[in-house]
2 protein chains.
Amino acid sequence: MASLDQIAKISGYSKATVSRVLNNSPHVNPQTRDKILEIMKQLDYVPNRNAISLAKGRTMQIGVITAVINEVMLPFLNSFVKTAERYGFQSIIYITYGDEKKELQAFNDLKQKRVDGLAIVNSSINPDLIATYLKFGPIVSWQRMNHPELQWVSMDQYEGYSLALEHLLQKGYRVIANAFGRSASINTLNRRRAYEAWMKQYNLPVMSDFYYSDIHNIPDGEQVMVDLVSTGKIEHVDAILCANDYVAAGMFTQAHREGISIPNEIAIVGFDNTAISKTLGITTIDNPVKLQGENAFFILSQRLLKEPIPLHKLSYKLVERETT
Amino acid sequence: MASLDQIAKISGYSKATVSRVLNNSPHVNPQTRDKILEIMKQLDYVPNRNAISLAKGRTMQIGVITAVINEVMLPFLNSFVKTAERYGFQSIIYITYGDEKKELQAFNDLKQKRVDGLAIVNSSINPDLIATYLKFGPIVSWQRMNHPELQWVSMDQYEGYSLALEHLLQKGYRVIANAFGRSASINTLNRRRAYEAWMKQYNLPVMSDFYYSDIHNIPDGEQVMVDLVSTGKIEHVDAILCANDYVAAGMFTQAHREGISIPNEIAIVGFDNTAISKTLGITTIDNPVKLQGENAFFILSQRLLKEPIPLHKLSYKLVERETT
DNA sequence: TTGAAAGCGGTACCAC
DNA sequence: GTGGTACCGCTTTCAA
């Protein structure tokens, strides 16, 4: 493998000049540049990344921490990775399977300068511990982190859920069921808070009999619909709010199988406005996840780039379709 | 951030000795070691990985290339990652989403010494091109690669499929349907070859009307069962061989919903012997994917370790349960 | 526009 | 057991 030094010797120029060519410095004679580039081609030269990283003190790599990869975080992940790429950073993904040891490895890689920054999709490590790594490089989280120095980009789902509730109530739906995600999560808490607040405002009873928990994907959604029908609950429910569009999709298609008419017998509202909700015509809440992915990088950029990039302003939007 | 040099100065010992401590060299006075370790703790010292990589000429990182991550490759991935870890190598995952550019980046990282080796779960790049990167480091593939110098660890599914066919035929099943995966894949080709060979041997007709293609997951399996029932084909079919256990699971549960009795009305055979087949009691073919993941690292180890590790001998096994 | 040389933070060989 | 020192391959002043 050729090295910069060899290129210098062969070309008759100094290492400095060869380095300038490599970094597109304007202070190189075009002919000199051409000669050197030509030699590089011939020797199939590529710079050693470790040497660059060591000399520059940065790796142009960002670690992304996630327990698993599924449709829910994929839009965020894709958006983040592409944005980082646009600014010359490569993303390396740490799949932790929920194992704290593996996760700590990512933080250690920040400390050891193997990555310049860290984006957390989800984490099982104590935020206080995470914050101690901030001195080694920037860290951003998708989900909310309960620590004053840790920044995150997802939005408070209280807002989004309120949009959905207001819409349903205005349309005259009164008995509203909820299919929540992880029961212990902040998102679920906020959704429940929103639901209960709106019920109060309309002087309606809180129907906690119609709370479903740990509902995440299509099969889960199907199961909820099966339950509603088989227990006869469906007779008493006017509408249901879903953890995400996949859950809504499962409910929607299962309803069809069961011969339930949507939205007459029950209205369905998804969350996130992902492709599937559009395909099936499901009313949902637009959650600008793509922009959140960009914002995540922008936050890191505050310490990674000389010119930090201003963040997108984010807001939820109701997308009314045929299920309400 | 403290450096080795500073540790040396503060401790009064030389860089060489500090380095020895770092690398657990036996040639260090225990008291010296303790003193130096103590200073390291106090300064919260961690060695710079880039410097180590540069000096050693290796990164102890292995790149894993995959288009997406799903249940099918997860066992392979997990096994590979854990095995590599056992030998001190960290895996970094390149998710390409089928984009050749992103994939080439991984190969480039090998060339630029950012990773010491590459494991390919699936690739869309021409094997001849891949082979040109072998001079920069070891490369191994899970799936078969059609190039003399490229090694892979998955097995010829002709063998596994034959086991299933033999089992069905011996039990008296005669009309056998096939739910294949990717229609253009080598695996599908081999399975079809096996099926046709066994039919010939038993003087039975090849039922290509009962070939299903691009069947990959639970919903796909459900759909196949729906089709069999709705078209009445189920009356004529004795058994069906599935692309994998998820497909079999989808068929199995859908059969229940449709009131079809298994294996009386139709026998079902899965593939891979993953957890779900055990849970549901589905007859399947044990495919030692975990060992394939280990073998993948072992093949890389031939060029990564001084003592290469001998490969596992692999073989398929029939696992008979209640669906045949 | 170009070159010389001092880093970046470790490793490893050779002395003692 | 310990120290001196020449690398590893590239970047980045500082001069010329």
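This is a predicted model, so every value here is computed, not measured.

**Student:** Help me get a handle on the protein's contact with DNA strand D, residues and values and all.
**Tutor:** Residues in close proximity to DNA strand D total 26 residues, the closest being Leu4(A), Ser19(A), Tyr45(A), Arg20(B) and Thr32(B). Within the backbone of Ala55(B), an N or O atom sits 3.5 Å from a base oxygen of DNA strand D. Every element with two or more residues in the surface near DNA strand D is listed here: helix 2 (15–22) and helix 4 (49–56) of chain A together with helix 2 (15–22) and helix 4 (49–56) of chain B. Considering every element that reaches the surface near DNA strand D, the biggest residue donor is helix 4 of chain A, with 4 residues. Across the surface near DNA strand D, the residue classes tally to 13 nonpolar, 10 polar and 3 charged.

**Student:** Go over the UniProt feature "domain: HTH lacI-type" (unreviewed entry) in chain A, please, and point to the residues and values.
**Tutor:** As annotated by UniProt and renumbered to match this structure, "domain: HTH lacI-type" (unreviewed entry) occupies residues 2–56 of chain A. As annotated, residues 2–56 of chain A comprises 69% helix and 0% strand, and the C-alpha atoms at either end are separated by 20 Å.

**Student:** How would you explain the protein's contact with DNA strand C if you had to name every residue and give the values?
**Tutor:** As a structural note, the neighbourhood of DNA strand C is formed by 28 residues, with Arg20(A), Asn29(A), Thr32(A), Leu4(B) and Ser19(B) the closest of them. In DNA strand C, atoms within 4 Å of the protein come from the sugar-phosphate backbone in 57% of cases. Here Thr17(A) contributes a side-chain N or O atom positioned 2.8 Å from a phosphate oxygen of DNA strand C. At a separation of 3.1 Å, a phosphate oxygen of DNA strand C approaches a polar backbone atom of Asn48(B). At the level of elements, helix 2 and helix 4 of chain A together with helix 2 and helix 4 of chain B are the ones that each hand at least two residues to the surface near DNA strand C. Class assignment of the residues belonging to the surface near DNA strand C gives a composition of 14 nonpolar, 10 polar and 4 charged.

**Student:** Account for helix 11 (residues 245–258) of chain B, naming residues and giving values.
**Tutor:** Residue and element names in this part refer to chain B. The end-to-end C-alpha separation of helix 11 is 20 Å, in line with the 20 Å expected for 14 residues at 1.5 Å each. Burial of helix 11 is extensive: 10 of the 14 residues sit out of reach of the surface. Those residues of helix 11 lying buried are Asp245, Tyr246, Val247, Ala248, Ala249, Gly250, Met251, Phe252, Gln254 and Ala255. Check the buried side of helix 11 and you find it contacts strand 6 (176–179), helix 10 (218–230), strand 8 (239–242), strand 9 (267–269), helix 12 (275–280) and strand 10 (284–286). In the segment just after helix 11, Gly259 is the residue with positive phi, at about 75 degrees.

**Student:** Give a description of the sheet that holds strand 6 of chain B that names residues and reports values.
**Tutor:** Residues and elements named next belong to chain B. One open sheet holds the 4 strands; their spatial order is 7-6-8-9, and the pairing between them is parallel. Unpaired on one side and paired on the other, strand 7 (211–212) and strand 9 mark the two borders of the sheet. Each of strand 6, strand 8 and strand 9 touches helix 8 (residues 157–170); the most contacted strand, strand 8, lies at about 170 degrees to it.

**Student:** Talk me through the pattern of salt bridges; I want residue IDs and the actual numbers.
**Tutor:** Residue and element names in this part refer to chain B. Evaluated as defined, the whole model comprises 16 salt bridges over all chains. A salt bridge links Asp5 to Lys9; the shortest N-O distance between them is 2.9 Å. Taken as a pair, Asp5 and Lys9 lie in helix 1 (residues 4–11) at a separation of 4 residues, close to a single helical turn.

**Student:** For the side chain of Thr283(A), give the residues involved together with the corresponding values.
**Tutor:** Residues and elements named next belong to chain A. Note on placement: Thr283 falls in the loop between helix 12 (275–280) and strand 10 (284–286). Take Thr283: its relative accessible area is 0%, and that puts it in the buried class. Apart from the residues lying within four places of it in its own chain, the contact partners of Thr283 are His167, Ile268, Val269, Gly270, Leu318, Val319, Glu320, Arg321, Glu322, Thr323 and Thr324.

**Student:** Give me the lowdown on the nonpolar core, citing residues and values where you can.
**Tutor:** Generally speaking, a soluble globular protein has its nonpolar side chains buried in company with each other. The biggest cluster of nonpolar side chains holds 48 residues, and the ones touching the most others in it are Ile62(A), Phe80(A), Phe297(A), Ile62(B), Phe80(B) and Phe297(B). Within the residue set of this core, elements represented by two or more residues are strand 1 (61–66), helix 5 (74–86), strand 2 (90–95) and helix 13 (289–304) of chain A together with strand 1 (61–66), helix 5 (74–86), strand 2 (90–95) and helix 13 (289–304) of chain B. Other than its neighbours up to four places away in sequence, Phe297(B) contacts Ile62(B), Phe80(B), Thr83(B), Ala84(B), Tyr87(B), Phe89(B), Leu305(B) and Ile309(B). Formed by 36 residues, the second largest nonpolar core is a distinct cluster that contains Ile92(A), Tyr133(A), Ile120(B) and Tyr133(B).

**Student:** Pulling in residues and values, what's your account of the pairing of strand 2 of chain B?
**Tutor:** All names here are of chain B. The buried count for strand 2 comes to 6 of 6 residues, which makes it a mostly enclosed element. On strand 2, burial covers both faces: Gln90, Ile92 and Tyr94 on one face and Ser91, Ile93 and Ile95 on the other are all buried. Note: strand 1 against strand 2, 6 bridges, orientation parallel. Its bridge partner being in strand 2, Thr66 is matched across the sheet by Ile95. Where the polypeptide runs from strand 1 across helix 5 and back to strand 2, its parallel neighbour, the crossover connection is right-handed.

What counts, and where the lines are drawn
Residues numbered from 1 in each chain as written. Chains lettered and ligands numbered in written order. Predicted model: local features only at pLDDT ≥ 70, side-chain atom pairs only at ≥ 80, totals over all residues. Heavy atoms only, no water. Near = heavy atom within 4 Å. Polar contact = N/O pair within 3.5 Å; in protein donor to acceptor, adjacent residues only side chain to side chain. Helix = DSSP H or I, 4+ residues; strand = E, 2+ residues; numbered from the N terminus. Nonpolar A, V, L, I, M, F, W, Y, C, P; charged D, E, K, R; others polar. UniProt positions renumbered as here; feature names shortened; annotations may be inferred. Expected span 1.5 Å × (residues − 1). Buried < 20%, exposed > 50% of the residue type's maximum accessible area, 1.4 Å probe, protein only. Contact = heavy atoms within 4.5 Å. Pairing = 2+ DSSP bridges. Axes fitted to C-alpha atoms, helices over the stretch in contact; angles between N-to-C directions. Salt bridge = Lys/Arg side-chain N within 4 Å of Asp/Glu carboxyl O. Core = buried A, V, L, I, M, F, W, Y, C linked by side-chain atoms within 4.5 Å. Right-handed = clockwise from strand over helix to strand, strands pointing away.

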